[in-house]
Every structure is written in structure tokens, then in C-alpha cells.
Amino acid sequence: PGSMPSPAQRPTATLTGTVTDFIWTPQKQIKAQLESAKTKDLRFAAETDTTGRFRFFDIPAGDYRLLLGIPISKTWDQEIGVRLSSGQEAHRSAA
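Just so you know, these numbers come straight off a predicted model, no measurement behind them.

The next subject is the layout of surface pockets. Roughly 160 Å³ of volume is contained in the largest pocket. What lines the largest pocket is V19, T20, D21, Q27, I30, L68, G69, I70, D77, Q78, A94 and A95. Residue composition of the lining of the largest pocket, by class: six nonpolar, four polar and two charged.

On to the pairing of strand β1 (residues 12-19), then. Within β1, seven of the eight residues are buried, which leaves it mostly tucked inside the rest of the structure. In this sheet, strand β4 (residues 53-60) lies alongside β1 in antiparallel orientation, the contact comprising six bridges. Note on β4: the bridge partner recorded for G17 is F54. Note that β1 and strand β7 (residues 89-94) share six bridges and pair parallel. Bridged to T18 within β7 is S93.

What counts, and where the lines are drawn
Residues numbered from 1 in each chain as written. Predicted model: local features only at pLDDT ≥ 70, side-chain atom pairs only at ≥ 80, totals over all residues. Heavy atoms only, no water. 1 Å grid on protein atoms, 1.4 Å probe; cavity = no way out; pocket = protein on both sides within 12 Å on 5 of 7 lines; lining within 4 Å. Points joined across faces, edges and corners; volume = space filled by probe spheres on them. Nonpolar A, V, L, I, M, F, W, Y, C, P; charged D, E, K, R; others polar. Buried < 20%, exposed > 50% of the residue type's maximum accessible area, 1.4 Å probe, protein only. Helix = DSSP H or I, 4+ residues; strand = E, 2+ residues; numbered from the N terminus. Pairing = 2+ DSSP bridges.

Here it is in C-alpha cells:
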């Protein structure tokens, strides 16, 4: 019989973040996409809430690109490299 893995042994990670403008005002309804650096087939999508926060959870460990942009844009305004480890809870801020 096996035991339950501890949070540090979980094969997934969590990434949270905050998006603000240049004077630190939270930006709502910003598109956030987490895309695997190895394959573009592995993607996760979120949107900032009224406090400018977004969250991705149960993400497999690995290297990702965090892409941020306004909903009506066909391009991304910002790209941030992110490395996630099993059991990690990471936070990234963008302005």
C-alpha cells in the first residue's frame, strides 16, 4: 500500500500573478496564457480578476512562457519565462 504524496511531492505546481499598470493600479480582464516552452500544445488560460490577479493550478512541472495581453489584441503585450517544479507555488508580477 502506498502513501499519499506530501505537497512537496505533488507532480504539479501553482502559478499566481498580479498585473498592474505603471502606477501600480490593478488591471482587470487581462488575458494570461501559460504555454509550455517545449510544445505549444500544452497551454493553460486565465484572466485577471478585479484586483489584477490570475491563477494557474495543477500545472505539470516544466519550463513555460507566461503571455499577457488585452482581450481585443491579437498579439501578446508581455512574455515572461517561468520554470515550475513539482509542488512549487510561484508568483509573478507584471506591469
